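The chain contents come next:
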Amino acid sequence: MKTDVFALRHIGIREEDLNTMFNTVGVENLEQLIFETIPQHIRLKEPLKLDEPMSEHKFLAHTEALSKKNKVFRTYIGLGYHESLIPSVIKRNILENPGWYTAYTPYQAEIAQGRLEALLNFQTIISDLTGMELANASLLDESTAAAEAMTMLFDVRSRDQKKNNVLKFFVSEEILPQTLSLLKTRSIPLGIELVVGNHEEFEYSADFYGALLQYPGKYGQVYDYAAFVAKAKENDIKVAVAADIMSLVLLTPPGEFGVDVVVGTTQRFGIPLGYGGPHAAFFATKEEFKRSIPGRIIGVTKDTDGKPALRMALQTREQHIKRDKATSNICTAQVLLAVMAGMYGVYHGPKGLKYIASKIHSTAVTLVDALENLGLYQINSAYFDTITVKADSNKVRPIAEANEVNFYYVDNDTISIAVNEATSLKDLNQIISIFSEALGKTSKEVSSLLNKTTISGNIERTSAFMENKVFNSYHSETELMRYIKKLERKDLALNHSMISLGSCTMKLNAASEMLPLSSSNWGNIHPFVPVDQAEGYQTILRELAKDLSIITGFADTSLQPNSGAQGEYAGLMVIRAYHESRGESERNICLIPSSAHGTNPASAVMAGMKVVVTKTDEKGNIDVADLEEKAKLHSDKLAALMVTYPSTHGVFESSIKQITKLIHDHGGQVYMDGANMNAQVGLTNPATIGADVCHLNLHKTFAIPHGGGGPGVGPICVAPQLVPFLPSNPVISTGGKDAITAISAAPWGSSLVCLISYGYIKMLGEYGLTQSTKIAILNANYIKHKLEGKFEVLYTGEKGRAAHEMILDCRPFKKNGIEVTDIAKRLMDYGFHAPTVSFPVAGTVMIEPTESESLAELDRFCEAMTAIREEIDESNIEEPNNVLKNAPHTLEMATTDDWQFPYSRQKASYPLPYIAENKFWPSVRRVDDAYGDRNLICTCAPIEAYMEAE
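As a starting point, this report considers the structure included with it. (Residues numbered from 1 in each chain as written. Predicted model: local features only at pLDDT ≥ 70, side-chain atom pairs only at ≥ 80, totals over all residues. Heavy atoms only, no water.)

### Some remarks on the overall build of the protein chain
In terms of helices and strands, the protein chain carries 31 helices and 26 strands. For a compact globule of 950 residues, the expected C-alpha radius of gyration is about 30 Å, and the protein chain comes in at 28 Å, within 12% of that figure. Considered along the principal axes of its C-alpha atoms, the protein chain spans approximately 85 × 70 × 65 Å. The buried share of the protein chain, taken over its 950 residues, is 66%. In the protein chain, the share of contacts with a sequence separation of at least 24, taken over all contacts with a separation of at least 6, comes to 77%. (Helix = DSSP H or I, 4+ residues; strand = E, 2+ residues; numbered from the N terminus. Rg over C-alpha atoms; globule rule 2.2 N^0.38 Å. Buried < 20%, exposed > 50% of the residue type's maximum accessible area, 1.4 Å probe, protein only. Contact = heavy atoms within 4.5 Å.)

Below, the structure is given as structure tokens:
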């Protein structure tokens, strides 16, 4: 075995396993299987022109050398990004722990109670600090959260406002520049009219439905917004505030002066800067908007025994149900980062946060005092951490950069300085010395921080926060380490067993791909530093974009979208801009097959398009005749087709080139959803099938971990005609010559985790990438054949093959009283996470094994499914007290003295021999979803609840 070949470590199937698998599948070799799976007319004619693969050792040395090309200056730029100190106990036990970073979104609540509790902690921290009643479990970044606030408030306008077509939304000129750019992107397709101005001069009128304020302002001034909010309320104008989460430890919470929404980022709660991300944004609002809040909410419910349990609440808002009626995309969470930020709050507690926030503020106050002693004028009358100084930028900047320090240069005579948790006395004296040198003066060294404040009166926080037991119990490293481990043990992740989720591609996230993320040379780069300070990052991002363009066959790539849903939206906005550039702005019809991902229609509506659904035939393929009819009908207004390939049903449809040509013939562009790209890489590509743009899920096909529901990265790759419209950023130049405005806050989105996909491609190379695709297809067909006769595979290709995933029909089991959910829950007892349930067809499971799994693991999964099939046959609709209906079975059930089930404890908990070697116990019984929605509780219990319990 070649121990230096990464592909042999990434791909789970051994050479000696292949003949066994070929015999099962019924082929002579791998090439025959691929021939029978993928239509020949779309196969690539040549191998991908990628670099020779690196060994893991060489890759780590390579990234280490590249990291040293980044210049890690002391950076005080601010604008929503601040250096933060990551507690080592959180870095080691969460960020670097596959038990946390390889978990999937908590759709199966019974085996996700750990991260659900961690997210409930996060929501509680946000609700407490913002003073709001309800918070979600994270969004992508502050700017997209602000855009979600704008669109939510638009959606909940009063009846009169909707009747009178009230479209104006006021935005304070104090807003962060990247947020303003993103608001422009989101507002245009929806017809929202942005009005940017000074909030102190705002003329309240019935023409406005909402307003957005920044707290503190972009250059640090803290305003008392109480009067503005009160007057806005009098005029039926709802108010959102973008707030700095750390400042809310000391400042009056926006909820206390009556705002409707508070958004922001938790990056400064122990998350690396990472050249822009990933970071967990927050969104907090009032209870009355609970049915409209974007993203996910974690709620408290009960299980079958009536004991407390957690689950994702209000799931009816999900796109696979609401589709084109959805107002936002649920695939926009940063769970891993929210977990880290929540643990930062747990570790430090309210007293620790007060210490940190007070120290930051005292540092800013001390700096102002020293600069004023030098004769400089500081503008802000009240501030938290960011000051604005009148000084000659042209004199200060070269001295600062020579001392490896970055400030934000507002204009030629205005400099903004944002201090942070990491700013020491030594750093403070360095800042002072830079200004003293620029002025030609001598400064006095600061030896201690001043005990003064500019925060008083109406802007000072007086209310308590984070009084819950969880935030006042785990302040030693030992205690926090054990708490993190306690939660981790409740969750099933890839480090326990295969997660065979169709469409979600849960593959190996290799340690060598993950290790560079821990380096401060990658973690401590602000997204708005001059580009020449981020040469290592620029190399990585440039190479990754180039490789993704080669893999997809397209001309160029934007890495800015920081989720798959954002990629969908970005692709459609680029198509929209293309049509407008040709004087065809009337093109607004988006054709979407009924089998498409639920996020597709939601993204199309957000991009200002009208969704027209096309039929699928009895084999699950796109009904070409119906598509042609609708393309002709809407020919003058056809903007795009959204198509998933291979299809959501796991089939390479042979008519795909006919379909894409049809759209082009009627003036439209073809958007390909890249969710199933794991079946294409190296064998075919979006350009070959005739698409014009695709998004890629780097957290699926290119090995970024799902992190319990985020981070994701969803770059778009485009054909030549769409390159000019790739998205821009208002602070750092990026995008095409006719670029659309920003899609996410940072110029290159979640740059830090792009290192993972870069490593995945560089270590696998052309052979490894292509072999991964082939083995993914082999594994899927192996499972298909092993389960034939036990479950019906709903759709296959023309030669009876599945692509990299397949759908098993579980609807026939209703006659036994068994639903697909029962199968999903029973799989937990066998140590497996359920495949994708009831998508894209209700009553089915969609299985995707990926290339990372071993033959032994595939066989274990097939054994489990076969055993469950036998249990289904034993079930009777008249007797629901059976092993499937009662699943999952907890340790508490198995060890109770009172066993009242008509089957043995062994059958319940150890139905197959292999389970005893590595038993996973669900921590709660089946959760009651309906109860949780009727009794929505989305924060930790108050301290009084614990006092009563004692």
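### Some points on the nonpolar core
By size, the foremost hydrophobic cluster in this structure holds 248 residues, and its most contacted members are Met343, Phe407, Ile417, Phe435 and Leu480. When residues no more than four places from it in sequence are discounted, the contact partners of methionine 343 are Ile90, Ile94, Ala118, Leu480, Tyr483, Ile484 and Leu487. In this structure, Met150, Val156, Val263 and Phe289 belong to the second largest nonpolar core, which totals 34 residues. (Core = buried A, V, L, I, M, F, W, Y, C linked by side-chain atoms within 4.5 Å.)

### Some thoughts on the pairing of strand β19 (residues 638-644)
Burial runs high along β19: seven of the seven residues are buried. Sheet topology note: the strand β17 (residues 589-593)/β19 ladder contains three bridges and is parallel. Residue pairing for β19: cysteine 590 is matched across the bridge by alanine 640. With helix α23 (residues 656-665) bridging β19 and its parallel neighbour strand β20 (residues 669-674), the resulting β-α-β unit is right-handed. (Pairing = 2+ DSSP bridges. Right-handed = clockwise from strand over helix to strand, strands pointing away.)

### Some words on the pattern of salt bridges
Overall, the coordinates contain 46 salt bridges when judged by the stated rule. Between glutamate 580 and arginine 576 there is a salt bridge whose closest N-O contact spans 3.6 Å. With glutamate 580 and arginine 576 both in helix α20 (residues 564-581) and four residues apart, this pair spans about one turn of that helix. The salt bridge partner of arginine 869 is aspartate 873, with a shortest N-O separation of 2.3 Å. Placement of the pair is arginine 869 and aspartate 873 together in helix α27 (residues 855-874), with a separation of four residues, close to one helical turn. Through salt bridges with shared partners, one network takes in Asp51, Glu543, Lys546, Asp547 and Lys762. (Salt bridge = Lys/Arg side-chain N within 4 Å of Asp/Glu carboxyl O.)

### Here we look at the environment of glycine 650
Its place among the elements puts glycine 650 in the loop between β19 and α23. Residue classification places glycine 650 among the buried positions, given a relative accessible area of 0%. Put simply, glycine 650 and serine 88 are 562 residues apart on the chain and 43 Å apart in space, counted from C-alpha to C-alpha. For glycine 650, the residues in contact, after removing those within four places along its chain, are Ala802, Ala803 and Glu805.

### Comments concerning the side chain of threonine 363
Along the polypeptide, threonine 363 turns up in helix α13 (residues 335-373). For threonine 363, a relative accessible area of 3% translates into the label buried. Once you skip the residues sitting within four places of it in the chain, threonine 363 turns out to touch Val419, Thr423, Leu428 and Leu449.

### A look at the sheet that holds strand β24 (residues 806-809)
Strands sit in the order β23-β24-β26-β25 across an open sheet of four strands; the sheet is antiparallel. Two strands close off the open sheet at either side, each with one partner strand: β23 (792-793) and β25 (836-837). As paired elements, β24 and strand β26 (residues 844-847) share four bridges and run antiparallel to each other. In the strand pairing of β26, isoleucine 807 is matched with methionine 846. Strand contacts of helix α25 (residues 751-787): β23, β24 and β26, with the helix running at about 20° to β24, the strand carrying the most contacts. (Axes fitted to C-alpha atoms, helices over the stretch in contact; angles between N-to-C directions.)

### Focus on helix α19 (residues 535-552)
Here α19 contains 18 residues, and its C-alpha end-to-end distance of 26 Å stays within 8% of the 26 Å for a straight helix at 1.5 Å per residue. Of all 18 residues making up α19, 13 are buried, and the element is well covered by its neighbours. In the stretch just after α19, glycine 553 is the one whose phi turns positive, near 80°. (Expected span 1.5 Å × (residues − 1).)

### Observations concerning the sheet that holds strand β12 (residues 386-390)
Pairing is antiparallel across the open sheet formed by four strands, whose spatial order is β11-β12-β15-β14. Edge strands, defined here as strands with exactly one partner in the open sheet, are β11 (377-378) and β14 (408-411). When β12 meets strand β15 (residues 414-418), the two strands line up antiparallel, connected through five bridges. Bridge pairing in β15 places threonine 386 opposite alanine 418. With respect to the sheet, α13 is in contact with β11, β12 and β15, its orientation differing from that of β12 by roughly 10°.

### Let's talk about the packing of helix α3 (residues 30-37) against α25
Any two packed helices are characterised by the angle at which their axes cross and by the distance between the axes. Viewed as axis vectors pointing N to C, α3 and α25 meet at an angle of 80°, and their least axial separation amounts to 10 Å. Between α3 and α25, the interaxial angle falls into the category roughly perpendicular. The residues of α25 that touch α3, namely those facing Leu30, Glu31, Leu33, Ile34 and Thr37, are Gln771, Lys774, Ile775, Ile777, Leu778 and Asn781. Classifying every residue of the contact of α3 with α25 by side-chain character gives six nonpolar, three polar and two charged. (Parallel < 35°, antiparallel > 145°, perpendicular 65-115°, else oblique. Nonpolar A, V, L, I, M, F, W, Y, C, P; charged D, E, K, R; others polar.)

### Remarks on the environment of alanine 908
Within the secondary structure, alanine 908 is located in helix α29 (residues 905-909). For the pair formed by alanine 908 and leucine 884, sequence separation is 24 residues and the distance between their alpha carbons is 9.0 Å. Leave out the neighbours within four places in its chain, and alanine 908 touches Arg826, Asp829, Val883, His889, Trp899 and Tyr903.

### Here we look at the packing of helix α8 (residues 142-155) against helix α10 (residues 177-190)
Two numbers describe how α8 lies on α10: the axes approach to 8 Å, and their chain directions differ by 35°. Taken as a pair, α8 and α10 cross one another with a handedness that is right-handed. Contacts between α8 and α10 involve Ser143, Thr144, Ala146, Ala147, Glu148, Met150, Thr151 and Phe154 on the former and, on the latter, Gln178, Thr179, Leu182, Leu183, Arg186, Ser187 and Leu190. Of the residues contributing to the contact of α8 with α10, the split by class is seven nonpolar, six polar and two charged. (Left-handed = near helix turned anticlockwise from the far one by under 90°.)

### Things to note about the environment of leucine 936
In this structure, leucine 936 sits in the loop between α30 (929-934) and α31 (943-949). Leucine 936 sits in the buried class, given a relative accessible area of 13%. With sequence-adjacent residues up to four places away left out, leucine 936 is seen in contact with Leu134, Lys290, Ala313 and Leu314.

### So, unusual backbone geometry
A cis amide bond, omega 10°, links glycine 277 with the succeeding residue proline 278. Mapped onto the fold, proline 278 is located in the loop between β7 (261-265) and β8 (281-285). The residue after tyrosine 645, namely proline 646, is reached through a cis peptide bond having omega -10°. With respect to the helices, strands and loops of the structure, proline 646 is situated in the loop between β19 and α23. Positive phi, close to 55°, is recorded for leucine 79, a residue that is not glycine. Here leucine 79 lies in the loop between β1 (74-75) and α5 (88-95). Unlike most non-glycine residues, serine 503 shows phi in positive territory, near 75°. Looking at the secondary structure, you find serine 503 in the loop between α16 (477-488) and α17 (511-514).

### A word on the pairing of strand β18 (residues 610-614)
Side-chain positions along a regular strand alternate between the two faces of the sheet. Both β17 and β18 contribute to a ladder of five bridges, which runs parallel. Following the sheet pairing, cysteine 590 is matched in β18 by valine 611. Regarding topology, helix α21 (residues 599-606) serves as the crossover connection from β17 to the parallel β18, and that connection is right-handed.

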